[in-house]
Amino acid sequence: MGATVKYDEVEVGQEIPAVDYNVRRLNLVMYAGASGDFNQIHWNERFARMVGLPDVIAHGMYTMAQAGRFVTDWAGDPGAVVDFGVRFSSMVVVPDDDQGATISVSGVVEEKLEDKRVVIGLTARSGDAKVLSKARAVVQLA
Amino acid sequence: MALNRDFVGRTYPPSAPYEVSRVKIREFAAAIGDSNPVYRDKEAAQAAGYPDVIAPPTFPIVFSLQSGGEALVDPDLGLNLAMVVHGEQRFEYVRPIYAGDQLVTSATITDIRTAGRNELLTVRSDIATAEGEPVCVTYNTIVERGGAG
């Protein structure tokens, strides 16, 4: 149990390199089933357009899950995340083709707290849009 | 239509216990594309110091609206569900969720506000084991697009 990243080896301002996560319609269907969120805007193009959206959009929680994966892969232990919050600032539009959309997540060490905890500021982009804002995780380091 | 501010501060009865299963965690991890073995392999999770497989950080979304969900469909609230998107989400973790946990959720509507043309509503969910051990607190803010018209 515990992060593999050592608190003493981390500096404020240190960047965590971006990782790209692909999202296709299949992922949204799987996420709907696994999460129980069957809102039609996440799988039904006809319904999405009817309520004024450009196309089917990803569940916000799917995007948040990718940001979470970015943090836990960096920290080395999912149990080391003690606080995780985001604002969904823009939609991830997922076209019905073989490419889907890309969510690009990067991070920076924003603050070193007491008890070997750090604040990671997260950036998530899809195309030109910043899809998360105020995205931050507090991680318990070794 | 503006949301009914009388709902702020309302608390909802605790949910029936949600039983966290290894199969559900595996399904959720597969859906988010995360192959971390501590979500899938009991031995790997135990080698990492956990009693059983643990759940990904965003897993509480699966069951955290079991308490309070009825508020969102209460006609007195005035929420048009077709116009709802997710605005903000936050998790404060006391410990990871383990397979085998029996989790009870208690919900409170903590805030309703207007932002531009939208209406925002925040539900706080306190998640604890059936024995009362705190596990996680979640804050879920939904946006009703155009709700403030």
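Scoring rules and cut-offs
Residues numbered from 1 in each chain as written. Chains lettered and ligands numbered in written order. Predicted model: local features only at pLDDT ≥ 70, side-chain atom pairs only at ≥ 80, totals over all residues. Core = buried A, V, L, I, M, F, W, Y, C linked by C-beta atoms within 7 Å. Buried ≥ 20, exposed ≤ 12 C-beta atoms within 10 Å, placed from the backbone. Helix = DSSP H or I, 4+ residues; strand = E, 2+ residues; numbered from the N terminus. Contact = placed C-beta atoms within 7 Å. pLDDT = per-residue confidence, 0-100. Pairing = 2+ DSSP bridges.

### Some thoughts on the nonpolar core
- By size, the foremost hydrophobic cluster in this structure holds 68 residues, and its most contacted members are Ala67(A), Val92(A), Leu122(A), Val139(A) and Ile25(B).
- Counting residues per element, this core draws most heavily on helix α3 (residues 60-75) of chain A, which supplies eight residues.
- Those residues in contact with Ile25(B) that lie beyond four places of it in its chain are Val20(B), Tyr39(B), Val53(B), Ala55(B), Phe59(B) and Ala99(B).
- Core analysis: the next-biggest nonpolar cluster, separate from the first, contains nine residues, Leu79(B), Ile112(B), Ile142(B) and Val143(B) among them.

### A few points about the confidence of the model for chain B
- Per-residue confidence for chain B averages 95 on the pLDDT scale, and 100% of its residues sit at or above 70.
- Interface confidence for the predicted complex, given as ipTM, is 0.97, next to a pTM of 0.96.

### Brief notes about the interface of chain A and chain B
- Taken together, the contact between chain A and chain B spans 28 residues of the former and 29 residues of the latter.
- Among the elements of the structure, α1 (25-35), α3 and β2 (81-88) of chain A are those that each provide at least two residues to the side of chain A that touches chain B.
- Pairing between β2(A) and strand β2 (residues 84-93) of chain B: five bridges, direction antiparallel. Across the sheet, residue Arg87(A) finds its bridge partner in β2(B), namely Glu88(B).

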